[in-house]
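For reference, the chains in residue letters:
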Amino acid sequence: GAVVSQHPSWVICKSGTSVKIECRSLDFQATTMFWYRQFPKQSLMLMATSNEGSKATYEQGVEKDKFLINHASLTLSTLTVTSAHPEDSSFYICSAGGTGGRELFFGEGSRLTVL
Amino acid sequence: KQEVTQIPAALSVPEGENLVLNCSFTDSAIYNLQWFRQDPGKGLTSLLLIQSSQREQTSGRLNASLDKSSGRSTLYIAASQPGDSATYLCAVRPVQGAQKLVFGQGTRLTINP
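A brief structural summary. Bear in mind the structure is a predicted one, so any value in this text is a computation, not a measurement.

### Considerations on the pattern of salt bridges
A complete count under the given rule lists 5 salt bridges over all chains for this structure. Residues Glu-59 of chain A and Lys-100 of chain B are paired through a salt bridge, measuring 3.1 Å at the closest nitrogen-oxygen approach. With one member in each of two chains, Glu-59 of chain A in the loop between β6 (57–58) and β7 (67–73) and Lys-100 of chain B in the loop between β9 (86–94) and β10 (102–103) form a pair that bridges those chains. For Glu-59 of chain A, a relative accessible area of 22% translates into the label partly exposed.

Shown next, in the form of structure tokens:
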């Protein structure tokens, strides 16, 4: 199946700093990617839809100024957590589907810990 | 608003047993339904995808069924093995919602040797 890669797989940062997470589709082009957040023992909650070449679409309650999304190419979307705080600590997962794709593929996830 | 529920939340069975995981959704207007596996601290691995026009899909020891009219799907695991231990997530793709998925809470499965 298609491969979606995330980097870094885990990151620890100090409160107030910004952290960037990358999501790459390795063997297909993705016009749309999705960013999810998962708290311990909970399910995935969609944060935003990343659209190549245009602004991301955020779900209700997600702060767009805090979670900056950039989808500069058909194979790369980035999520930047700005001025991170301990409550932003979570597991962030991206997904992507190919052109006309019916199936979505997920990255390995990135665990963010904010001290 | 589409809601997805998975029952049970956790399940522990001895190795070798056949088992069924349940998923229900409130809005039958879906494009497809996907079952995923998630190991602790890891991302999601797609197991089976069922299009809205299909009734079931099979892959090895896994069989997923879909009854769209009643808003239900089941994941059947035959001859369970300790390596099957993981959290299983059900997700539906709403017709109106482009490619984004709505997830259930998951079933945490433990297969005891």
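### Things to note about the environment of Met-33 of chain A
All names here are of chain A. Locating Met-33 in the fold gives a position in strand β4 (residues 32–38). Separated by 17 residues in the primary sequence, Met-33 and Ser-50 have C-alpha atoms spaced 5.0 Å apart. Each residue touching Met-33, except ones within four places of it in the same chain, is listed here: Cys-23, Arg-24, Ser-25, Ala-48, Thr-49, Ser-50, His-71, Thr-75, Leu-76, Ser-77, Ser-95 and Ala-96.

### Details of the interface of chain A and chain B
Counting residues at the interface gives 21 residues for chain A, matched by 20 residues for chain B. Interface area for chain A against chain B, summed over the two sides, is near 1700 Å², with a carbon-plus-sulfur share of 51%. Along the contact surface separating chain A from chain B lie 6 residue pairs in polar contact (both at pLDDT 80 or more). Mapped by element, the contributors of at least two residues to the side of chain A that touches chain B are β4, β5 (44–51) and β9 (90–96) of chain A. A total of 4 residues in the side of chain A that touches chain B trace back to one element, the largest contributor, which is β4 of chain A. Here the side of chain A that touches chain B is composed, by residue class, of 8 nonpolar, 8 polar and 5 charged.

### A short note on the nonpolar core
Counting 25 residues, the largest nonpolar core has Val-4, Trp-35, Phe-67, Ile-69, Tyr-92 and Leu-112 of chain A as its most contacted members. Mapped onto this core, the elements with two or more residues apiece are β2 (10–13), β3 (19–25), β4, β5, β7, β8 (76–81), β9 and β11 (110–114) of chain A.

### Observations regarding the sheet that holds β3 of chain A
All names here are of chain A. Judged by pairing direction, the sheet is antiparallel, and its 4 strands sit side by side in the order β1-β3-β8-β7 without closing on themselves. The sheet is open, and its two edges are formed by β1 (4–7) and β7, each paired on a single side. Recorded for the sheet is a direction-independent mean angle of 15 degrees between the axes of neighbouring strands.

Calculation criteria
- Residues numbered from 1 in each chain as written.
- Chains lettered and ligands numbered in written order.
- Predicted model: local features only at pLDDT ≥ 70, side-chain atom pairs only at ≥ 80, totals over all residues.
- Heavy atoms only, no water.
- Salt bridge = Lys/Arg side-chain N within 4 Å of Asp/Glu carboxyl O.
- Helix = DSSP H or I, 4+ residues; strand = E, 2+ residues; numbered from the N terminus.
- Buried < 20%, exposed > 50% of the residue type's maximum accessible area, 1.4 Å probe, protein only.
- Contact = heavy atoms within 4.5 Å.
- Buried area = accessible area lost by both parts, 1.4 Å probe.
- Polar contact = N/O pair within 3.5 Å; in protein donor to acceptor, adjacent residues only side chain to side chain.
- Nonpolar A, V, L, I, M, F, W, Y, C, P; charged D, E, K, R; others polar.
- Core = buried A, V, L, I, M, F, W, Y, C linked by side-chain atoms within 4.5 Å.
- Pairing = 2+ DSSP bridges.
- Axes fitted to C-alpha atoms, helices over the stretch in contact; angles between N-to-C directions.

Any functional reading would require information that these geometric values do not contain.
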